[in-house]
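Coordinates in review
The chain contents come next:
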Amino acid sequence: MNYAQFFEDKISGLKAEGRYRVFTEIMRHVSHFPEATHYTPQGTNDIVVWCSNDYLGMGQHPVVIAAMHEAIDACGAGAGGTRNISGNNRYHVLLEQELASLHGTEAALLFTSGYTANMTTLMTLGAVLPGCIIFSDSQNHNSMIEGIRHSRAPRQVFRHNDVAHLEELLAAAPANAPKLVAFESVYSMDGDISPIEKICDVAEKYNAMTFLDEVHAVGMYGRHGGGVSERDGQSARITFIQGTLAKAIGVHGGYVAGTKAAIDFIRSFGQGFIFSSAMPPAVAAGARASIRHLKEHNEIRERHQERAETLRQKLRAADLPVIVTDSHIVPVLVGEASRCKRASDLLLEEHGIYIQPINYPTVPRGSERLRITPTPLHTDAQMDALVAALQAVWAKLNLKMSA
Ligand SMILES: *Cc1c(COP(=O)(O)O)cnc(C)c1O
């Protein structure tokens, strides 16, 4: 076997399809969000970032930065071990208490990322609960799909946000088998929101547990930033609420929240938790400061939603094919991988606007898009410049107008 040839052929295949990933090298600057510097072989350019998952700019918020400095000065860089072997810092414990309070749950458990939180929790539930069947939304994130797959539990996929289909599958399963329904609140690529209350209704009817990924909602929805489950008054009905500290919270790490017993079970059996070193204490301190700040500043969430709505209106007025939803995510459809990449390149090179192209397998073929994430810190002037740049690129590449 010629290994080098194999690797190169696989990469050539991606390139031929126009979906080879090229990372854009940037430097973010404190107090200038969403502006950044773009590094190229030819030098540097000033750009405006329109695709950050630091949805509220908290990654550069003074409160967060101060908390991290303070923690690093107090206790150093790394945690020094797994939670079980000398790595259980005071900052981790305080953050878990804060997360439980945010979601109104009895307990919470930290992971080194949202990916590991999903993977480990679902894998552990599916593997350890005898005969457990997992019901999974067809658009669930890769980290949930992989967790379910590695659990080796039987999996039933229900059509996206289709409660009737979910009920059909639940009804057809053996009545006494343990069941778990895994879904998200805000789906990150289309920006649509799941019917949490209705899903809980059918889950309870068939005595199924629920696992809700609130990664794209934590910090941004609900009176205190507890996600769509808080907004909809459903938090108490969810068995596991999962989230990340790396998106709207602006730092790094992931977690699950739930009852004392459920969380203690994952803490005690979840291998991706047990065998991985704890996150740096300063990261935990920064995340905690961010959550506490967001809890008390609902006006940030209101401004965020207003910015998203304003941008949608401007895009529609310009006849650009925006996918309209009621979340903060604003996707604009291109529909073909290489032209999606080309549109993104032109925006960056000619207009100083950074929007990463989203191609298969992240979204289905034919629905390739530019996924725009306006934040409370994007101004009207930046929006007008964005709309003008998109119009210029759409004309140049002869892309389809209107959705
Ligand atoms: C980003 C993401 C994750 C993973 O979270 P990280 O903290 O980035 O590892 C999980 N679920 C969804 C839906 C995501 O978009």
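To be clear, the structure that these remarks concern was listed above.
Structure report, in brief. (Residues numbered from 1 in each chain as written. Predicted model: local features only at pLDDT ≥ 70, side-chain atom pairs only at ≥ 80, totals over all residues. Heavy atoms only, no water.)

The secondary structure content of the protein chain amounts to 14 helices and 14 strands. Expressed along its principal axes, the backbone C-alpha trace of the protein chain runs to roughly 60 × 55 × 55 Å. Taking all 403 residues of the protein chain together, the buried fraction comes to 54%. A separation threshold of at least 6 residues defines the contact pool for the protein chain, and within that pool the share at least 24 residues apart is 70%. (Helix = DSSP H or I, 4+ residues; strand = E, 2+ residues; numbered from the N terminus. Buried < 20%, exposed > 50% of the residue type's maximum accessible area, 1.4 Å probe, protein only. Contact = heavy atoms within 4.5 Å.)

So, about the layout of surface pockets. The method is simple in principle: a probe with the dimensions of a water molecule rolls over the atoms, and the space it marks as empty is what remains. Each pocket or cavity is described by its volume, and for the second largest pocket that value is around 420 Å³. As for the second largest pocket, its lining consists of 19 residues, of which Arg83, Glu96, Leu109, Arg267 and Phe273 are closest to the centre. When residues of the lining of the second largest pocket are traced back to their parent elements, those giving at least two are helix H3 (90–103), strand E4 (107–111), helix H9 (260–269) and helix H10 (271–274). When residues of the lining of the second largest pocket are assigned to their parent elements, the largest contribution, five residues, is made by H9. Its residues placed into classes, the lining of the second largest pocket shows eight nonpolar, five polar and six charged. (1 Å grid on protein atoms, 1.4 Å probe; cavity = no way out; pocket = protein on both sides within 12 Å on 5 of 7 lines; lining within 4 Å. Points joined across faces, edges and corners; volume = space filled by probe spheres on them. Nonpolar A, V, L, I, M, F, W, Y, C, P; charged D, E, K, R; others polar.)

Right, let's talk about the sheet that holds strand E13 (residues 357–358) for a bit. Here we have three strands laid out as an open sheet, ordered E11-E14-E13, and antiparallel in their pairing. In this open sheet, the two strands that pair with only one neighbour each are strand E11 (330–333) and E13. Bridge count between E13 and strand E14 (residues 369–372): two bridges; the pairing is antiparallel. In the sheet register, Pro357 faces E14, and the bridge partner there is Leu370. Contacts from helix H12 (residues 298–317) reach E11 and E14 within the one sheet, and its direction differs from that of E11 by about 20 degrees. Helix H14 (residues 380–396) contacts E11 and E14 of the sheet and is inclined by roughly 175 degrees relative to E14. (Pairing = 2+ DSSP bridges. Axes fitted to C-alpha atoms, helices over the stretch in contact; angles between N-to-C directions.)

Another aspect to go through is the pattern of salt bridges. If you walk through the whole model with that rule in mind, you get 22 salt bridges. Here Arg339 makes a salt bridge to Glu336, at a shortest N to O gap of 3.8 Å. When its relative accessible area of 34% is taken as the criterion, Arg339 is described as partly exposed. Each of the salt bridges in this network shares a partner with another, and the network as a whole consists of Glu98, Arg288, Arg292 and Lys295. (Salt bridge = Lys/Arg side-chain N within 4 Å of Asp/Glu carboxyl O.)

Along strand E7 (residues 179–184), six of the six residues are buried, which leaves the element largely enclosed by surrounding structure. The sheet contact formed by strand E5 (residues 133–137) and E7 spans four bridges and is parallel. The residue bridging Ser136 from the neighbouring strand is Ala182, located in E7. Strand direction decides the pairing type here: E7 and strand E8 (residues 209–213), joined by five bridges, are parallel. Among the inter-strand pairings, Ala182 is bridged to a residue of E8, identified as Phe211. After leaving E7, the chain enters helix H7 (residues 196–205) and then returns to the sheet as E8, a path that is right-handed. (Right-handed = clockwise from strand over helix to strand, strands pointing away.)

On to the site of the ligand. Around the ligand, 13 residues are found, and the nearest of them are Gly114, Asp213, His216, Thr244 and Lys247. A distance of 2.8 Å is found between an oxygen atom of the ligand and a backbone nitrogen or oxygen belonging to Tyr115. Contacts to the ligand include His141, whose side-chain N or O atom sits 3.5 Å from a nitrogen atom. A total of 380 Å² of accessible area belongs to the ligand in isolation, and the protein chains cover 85% of it. The dominant element in the shell around the ligand, judged by the number of residues it contributes, is helix H4 (residues 114–128), at three residues. When grouped by side-chain class, the residues that make up the shell around the ligand number two nonpolar, eight polar and three charged. (Near = heavy atom within 4 Å. Polar contact = N/O pair within 3.5 Å; in protein donor to acceptor, adjacent residues only side chain to side chain. Areas by Shrake-Rupley, 256 points an atom, 1.4 Å probe, with all protein chains shown as cover.)

Here H12 contains 20 residues, and its C-alpha end-to-end distance of 29 Å stays within 8% of the 28 Å for a straight helix at 1.5 Å per residue. Of the positions making up H12, those classed as buried are Asn298, Ile300, Arg301, His304, Arg307, Ala308, Thr310, Leu311, Arg312 and Leu315. Elements in contact with the buried residues of H12: helix H11 (281–296), E11, E14 and H14. (Expected span 1.5 Å × (residues − 1).)

In this section: the side chain of Ser194. For Ser194, the position within the fold is in the loop between E7 and H7. There is a polar contact of 2.7 Å between the side chain of Ser194 and the backbone oxygen of Glu184. Contact partners of Ser194, with chain neighbours within four places excluded, come to Asn161, Phe183, Glu184, Ser185, Tyr187 and Ile199.

Another point: the packing of aromatic side chains. In this description, an aromatic ring pair is defined by two values, namely the gap between the centres and the angle between the planes. Applying the stated rule across the entire model yields four aromatic pairs. Each ring, one from Phe6 and one from Phe7, has its centre 5.9 Å from the other, and the planes form 70 degrees; the classification is edge-to-face. When its relative accessible area of 40% is taken as the criterion, Phe6 is described as partly exposed. When the centroid spacing of 5.1 Å and the interplanar angle of 35 degrees are considered together, the rings of Phe265 and Phe269 count as tilted. On the criterion of helical spacing, the pair formed by Phe265 and Phe269 is a turn pair, its members being four residues apart in helix H9. Judged by relative accessible area, Phe265 falls into the partly exposed class, the value being 22%. Residue classification places Phe269 among the partly exposed positions, given a relative accessible area of 47%. For Lys15, the ring lying beneath its charged end belongs to Tyr20, and the centroid distance is 4.5 Å. The ring centre of Tyr360 lies 3.8 Å from the NZ or CZ of Arg365, which sits over that ring. (Phe/Tyr/Trp six-rings, centres within 6.5 Å; stacked < 30°, edge-to-face > 60°. Lys NZ or Arg CZ within 6 Å of the ring centre and 35° of its normal.)

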